[in-house]
Amino acid sequence: MSETELAPPAEAPPRVPERLYAIERREADALRRWWQRLTLSAEALKAHTDAPPWPKGMRAALRRCDTIEAAMLTEAFRHLWRWLPAQDEQPEHQRDQRLQVWTCIALVVAELREEQPRMPLGAGLGRQKRETGKPYMSELRFQQLMTAGTPEELVQRLRRALALIDKRGVSIVHLADNIALWWREYQGGASPQPTRRLGFVWANDYFGATAGYRQDNE
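Residues numbered from 1 in each chain as written. Predicted model: local features only at pLDDT ≥ 70, side-chain atom pairs only at ≥ 80, totals over all residues. Heavy atoms only, no water.

As annotated in an unreviewed UniProt entry, the chain carries the name CRISPR system Cascade subunit CasB and comes from Ectothiorhodospira marina.

Laid out in structure tokens, this is it:
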């Protein structure tokens, strides 16, 4: 693939309605554009860009990766990394950490087949299943998701969580921001404001979603 094909699209105003805690709006916009070309059909993509979708095998290769290191070597991730706003003045250790963060994001986001902008992951997992009247993810499994202790464990649990909601119906931007926030806290950078920590964000969204129909059933 040529350098021209790998180059990021022309700069455009970010189209990101989501509230962000850990990634920049330009990064979120680049991610959404990347995911659209990676995932959407040619017909669906026309609503967002004149550019063609990438070959389906590109997304499949990324989804087959079991490790961060393997994902870094994929063509799909190379696209994303080149599209992200450059941060050339970062120290090397911060650049290495950013590389790991965005590889984790790519591994998880590539699982989504459809997205719903503005829909947080916690709210998506807490929605009521029509068949059972219960949330898509049980409270026990949700608590286990929040206690992921390593990047590999986080990726694995998030992939399983997305499978529960048929890999659709949440915002890729919220998902990416959650992962970046997890990494920030993993590195010891938790916000002094409890409401800006991942545990609160996820729990607030999840239990906010379950509260409506659980009250109706009482």
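Trainee: Lay out the environment of Leu62 in plain terms, naming residues and giving numbers.
Mentor: Here Leu62 shows up in helix H4 (residues 56-63). With a relative accessible area of 0%, Leu62 lands in the buried category. In this structure, the C-alpha to C-alpha distance between Leu62 and Phe77, residues 15 residues apart in sequence, is 7.6 Å. (Helix = DSSP H or I, 4+ residues; strand = E, 2+ residues; numbered from the N terminus. Buried < 20%, exposed > 50% of the residue type's maximum accessible area, 1.4 Å probe, protein only.)

Trainee: Lay out the packing of aromatic side chains with the relevant residues and their values.
Mentor: Enumeration according to the criterion identifies eight aromatic pairs in this entry. Seen from their ring centres, Trp182 and Tyr186 are 4.7 Å apart, and the 15 degrees between their planes marks the pair as stacked. With Trp182 and Tyr186 both in helix H11 (residues 172-186), this residue pair falls four residues apart, about one helical turn. Classification of Trp182 by relative accessible area gives buried; the value is 8%. Aromatic pair Tyr206 and Phe207: ring centres 5.0 Å apart, planes at 90 degrees, arrangement edge-to-face. In this structure Tyr206 comes out as buried when scored by relative accessible area, which is 0%. (Phe/Tyr/Trp six-rings, centres within 6.5 Å; stacked < 30°, edge-to-face > 60°.)

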